[in-house]
Amino acid sequence: MEPKFKISHFFIHGDPLILGADVSIGIATVMIIFVLTYFKKWKWLWKEWLTTVDHKKIGIMYVIAALLMLFRGGVDALLMRTQLALPNLKVLLSEHYNEIFTTHGTIMILFMAMPLIFAMMNIVIPLQIGARDVAYPFLNAISFWLFFFGAMLLNLSFVIGGSPNAGWVGYPPLSELQFNPGPGENFYVLAIQISGIGSLATGINFLVTILKMRTKGMRLMDMPLFTWSVLATSILIIAAFPVITVTMLLLFLDRFAGAHFFTMTHGGDPMMYINLFWIWGHPEVYIVILPAFGIFSEVTSVFSKKVTFGYTSMVVSMMLISFYAYFTWVHHFFTMGAGAGVNTFFAVSTMIIAIPTGVKVFNWLLTMYQGRIRLTEPMLWTIAFIPCFAIGGATGVMLSIAPADYQYHNSYFLIAHFHQVLIGGTVFGMFAGLTYWWPKMFGFKLNETLGRWAFWLWNIGFYACFMPQYALGFMGMTRRIYTYGWDMGWAPLNLISSIGAVIMGIAFLFQVWEIAYSVKYGERDTTGDPWDGHTLEWSLPSPAPKYNFAVLPEVHGRDAWWKTKEAKERGDYEEKKQELEPIHYPKNSGIPFILSVFFFIAGFGFTFEWVWMGALGLLGVAICLIVRSFQYDTDYYISVDEIKETEAALRGEV
Amino acid sequence: MKHIESRQASHGSTTSYIIGFVLSILLTILPLWLVVNHVLNRTALIVTIMIMAALQFLIQLLFFMHIRESEKPRYNVLAIILGIVFVITIVGGSAWIMTFNSQVQ
Ligand code: HEM
Ligand SMILES: [Cu+2]
């Protein structure tokens, strides 16, 4: 077969933005290689990070990658907001604008929100349930590297071959070969495919971890609420991700092999794609919000010094949300016109979800009620979340009224709604989680003053950016338009909106500064329990040793660590002297990294429809799998002496 | 530390794996062949494919997921029920949503 894409398609030329990106990527690569070589860090990088199977390190790598992606997605957002700040600007032309909103949406959801969630899961769950690792540490490393290389594949499209431009939803017929012959949409399909395998594996991993690896005495109803939220999320992931995998596969067959699943002719049905996409897409939005709910529950409880109000109702509402989440997907395409019966059913099912969500809001408020509230940074994010999410939820219920949605659909009203729940919910939630568990990850607190600057700027910027967009939606401004005229009367509100975006950009810079400053000057956490926490992760030194618990704890009831501390204060705490035993621990492995590189090669090959390269990549994948199946020597024992030494060093006795 | 590894418990025999493998391949190739060669009329084709899909589902559960072998089947039963509810929702829901297509065409 004559390859469709030649080398001449490879590098995009003529655009100063892309030229700039090419140059800066080149410079950054050279600099990284130089620094690693100069400080002789290659071996360290490989041994400590690239081959690690330790959930805590994998979590940190997720954080770093996700923050980089937040930066990339944020630059996209600022470019768009600059273009829209005033009528008739020419910062981005239409084609470029299409590419930017597509990569912005895809990156923010799949390569920013998802990895931040996975970061929190990885860093916290085993510590919170008293386990030494996740159920499948090796698979966990594979998940991370598949996500990472999936994200790299999509990012590459900016400088090589051209970005996808059919929106983050990639609806056919626009995403089909007929209208999109370039490699852009292939990048989109294959990046989602590769990282999707990793996400599915993460879901399985954490479901098993939570069900099977809880420490002695911890019943399901004793689990911290963040753990519950991750359990609910894992179930959602397992049931939803296979759908997107199949959908993307069918779209790829259309594009690559001339099939007609979603084409307009030969019996294809583009609407089926929309239907399948949202069968995944709606659960996906709950996948990124539920862990945030879990974090808010932890934070309100600790910083009000109270047990969570209505624990059982929190659990039940969480599980109900994760179940209902499968029965609302049509609200994303009411205007497809599937008939009154269908639209009514899905309008009502959508409104029902608001009920358990409302229960949770009241529970958070009642947890804070009469509590001794400490306004730390995590608590600030939580308090800001509540009104923000309430407004976002209310506008969501407005959108769920099917006949009214004919008016709101694809307008800036919708854009404002989903940014409000995604930023006010997921992003604020992850900031709360990051600042809360930061000392556990790195052994020092983040600077509160800089954190407050970032907090206020984010909030001011957020409301300035998105509140005007609700109004713009009512004034008729539709999403995904790249320019407008003075005669529309949209200019003032758009200008305010763009100023808000810039303020959020500045807020992000404050966070970078906050981290950089705290690395050097942040308050060191010597106790392991800087917030006076309630759950098991705070019983460990910060950062925790690689095996987490030298002796697995035994718990009785909820808030185990809080109870232990109280017992110690009362003086009736009897420490059970337990003998240390050698700890069975997985060995590091290079296979997850190498396997994912091969996936990347395969993805890149199929993107350009260079079958030889795709086949080569898949062959590499197969070889990695076979090699791994014949590896028997995959774990070792950490000796009692080594544990003793580590523990003594951690407690400052050396 | 006890990792939950498939290696520790013995699952199935080589023969049962091979039987499952062959059956699942057959159930994949057969529908493709039926479609490519236009062997059946539309309704019969759809029904046949649906039946083969259901069989495929069973084979995966029995031969590869060892649905009968767990000591405590509670989670398994729950998971299967949930799975079936979702499958029915996805397949039935999609069919219902798409009926308007036949009305407008
Ligand atoms: C940080 C501030 C942000 C700003 C200023 C911003 C701005 C924008 C803009 C201007 C658009 C394009 C609207 C259009 O032309 O239709 C957009 C679309 C979108 N944004 Fe954001 N965004 C931000 C953060 C986020 C976050 C955190 C997420 C997700 C977690 C997100 C998800 C999306 C999605 C899914 C789309 C739709 C893309 C499409 O139309 O295919 N955004 N955003
Ligand atoms: Cu939805």
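All values reported here derive from a predicted model rather than from experimental measurement.

Thresholds applied
Residues numbered from 1 in each chain as written. Chains lettered and ligands numbered in written order. Predicted model: local features only at pLDDT ≥ 70, side-chain atom pairs only at ≥ 80, totals over all residues. Heavy atoms only, no water. Axes fitted to C-alpha atoms, helices over the stretch in contact; angles between N-to-C directions. Helix = DSSP H or I, 4+ residues; strand = E, 2+ residues; numbered from the N terminus. Parallel < 35°, antiparallel > 145°, perpendicular 65-115°, else oblique. Left-handed = near helix turned anticlockwise from the far one by under 90°. Contact = heavy atoms within 4.5 Å. Nonpolar A, V, L, I, M, F, W, Y, C, P; charged D, E, K, R; others polar. Buried area = accessible area lost by both parts, 1.4 Å probe. Salt bridge = Lys/Arg side-chain N within 4 Å of Asp/Glu carboxyl O. Polar contact = N/O pair within 3.5 Å; in protein donor to acceptor, adjacent residues only side chain to side chain. Near = heavy atom within 4 Å. Donors = N, O, S within 2.8 Å, 3.2 Å for Na, K, Ca; no water. Tetrahedral: all angles 85-135°; square planar, octahedral: opposite > 155°, others 65-115°. Buried < 20%, exposed > 50% of the residue type's maximum accessible area, 1.4 Å probe, protein only. Domains from an automatic or database assignment. Pairing = 2+ DSSP bridges. pLDDT = per-residue confidence, 0-100.

Details of the packing of helix α3 (residues 55-84) of chain A against helix α5 (residues 137-156) of chain A
Residue and element names in this part refer to chain A.
Right, so step 1: For the pair α3 and α5, the least separation of the axes is 10 Å and the interaxial angle reads 15°. Overall, the two elements α3 and α5 adopt an arrangement that is roughly parallel. You can see that α3 and α5 cross each other, and the crossing is left-handed. Of α5, the residues touching α3 (which contributes H55, I58, M61, Y62, A65, M69 and R72) are N140, A141, S143, F144, W145, F147, F148, A151, M152 and N155.
Right, so step 2: In terms of residue class, the contact of α3 with α5 is made up of twelve nonpolar, four polar and one charged.

Considering the interface of chain B and chain A
Right, so step 1: On the chain A side, the residues contacting the 19 residues of chain B number 40 residues.
Right, so step 2: Summed over both partners, the interface of chain B with chain A comes to about 2400 Å²; 74% of that surface belongs to carbon and sulfur atoms.
Right, so step 3: At the surface where chain B touches chain A, the tally comes to zero salt bridges.
Right, so step 4: Joining chain B to chain A, the criterion identifies one residue pair in polar contact (both at pLDDT 80 or more).
Right, so step 5: Of the residues that constitute the side of chain B that touches chain A, the class distribution is eleven nonpolar, five polar and three charged.

Some details on the site of ligand 1
Residue and element names in this part refer to chain A.
Right, so step 1: In the vicinity of ligand 1 lie 24 residues, with Y97, H104, W168, H419 and R480 positioned nearest.
Right, so step 2: Interatomic distance of 2.4 Å between a backbone N/O atom of R480 and an oxygen atom of ligand 1.
Right, so step 3: Looking at the shell around ligand 1, the elements that each hand over two or more residues are α3, α4 (94-128), α13 (412-442) and α15 (491-521).
Right, so step 4: Class assignment for the residues of the shell around ligand 1 results in 17 nonpolar, four polar and three charged.

Re the coordination of the iron atom of ligand 1
All names here are of chain A.
Right, so step 1: Coordination of the iron atom of ligand 1 by the protein is provided by H104 (NE2) and H419 (NE2), with metal-donor distances spanning 2.0 Å.
Right, so step 2: Geometry at the iron atom of ligand 1 is octahedral, judged from the six donor atoms that bind it and their angles of 89 to 179° at the metal. Of this pair, H104 sits in helix α4 while H419 sits in helix α13, placing them 315 residues apart in sequence.
Right, so step 3: Classification of H419 by relative accessible area gives buried; the value is 15%.

Observations regarding the coordination of the copper ion (ligand 2)
Residue and element names in this part refer to chain A.
Right, so step 1: Those donors, H282 (ND1), H331 (NE2) and H332 (NE2), are the protein atoms that reach the copper ion (ligand 2), and they lie 1.7 to 2.0 Å from it.
Right, so step 2: The sequence pattern describing where the donors of the copper ion (ligand 2) fall on their chain is H-x48-H-H.
Right, so step 3: For H331, a relative accessible area of 15% corresponds to the buried category.

A word on the domain arrangement of chain B
Residue and element names in this part refer to chain B.
Right, so step 1: You can read the domains of chain B as domain 1 (1-69) and domain 2 (72-105).
Right, so step 2: Counting the surface lost from both domain 1 and domain 2, the interface buries some 310 Å², and carbon and sulfur atoms represent 85% of this.
Right, so step 3: In terms of surface lost to domain 2, no three residues of domain 1 exceed F57, L61 and I67, which account for 84% of the buried area on that side.
Right, so step 4: Counting every contact that joins domain 1 to domain 2 gives zero salt bridges.

Remarks on the pattern of salt bridges
Residue and element names in this part refer to chain A.
Right, so step 1: This structure, assessed with the given rule, holds eleven salt bridges over all chains.
Right, so step 2: Two residues, K565 and D529, come together in a salt bridge whose shortest N-O distance is 2.7 Å. With K565 in helix α16 (residues 560-570) and D529 in the loop between α15 and α16, this pair connects stretches of sequence that are 36 residues apart. Here K565 and D529 have matching classes, each one buried.
Right, so step 3: Because the salt bridges share partners, they merge into one network encompassing K305, D529, D532 and K565.

Let's talk about the pairing of strand β1 (residues 583-586) of chain A
For a regular strand, side chains alternate in direction, first toward one face of the sheet and then toward the other.
All names here are of chain A.
Right, so step 1: Burial of the side chains of β1 extends over both faces: I583 and Y585 are buried on one face and H584 and P586 on the other.
Right, so step 2: Here four bridges tie β1 to strand β2 (residues 635-638), and the two strands are oriented antiparallel to one another. Directly across from H584, in β2, lies its bridge partner Y637.

A look at the confidence of the model for chain B
All names here are of chain B.
Right, so step 1: Taken residue by residue, chain B gives an average pLDDT of 81. The fraction at 70 or more is 79%.
Right, so step 2: For chain B, per-element mean pLDDT is lowest for helix α3 (residues 74-104), which scores 84, and highest for helix α1 (residues 14-36), which scores 91.
Right, so step 3: A low-confidence stretch, residues 1-9 stays under pLDDT 50, and its non-local contacts, those more than four residues away or across chains, total 23 contacts.
Right, so step 4: Across the interface, the model reports ipTM at 0.85; the global pTM reads 0.93.

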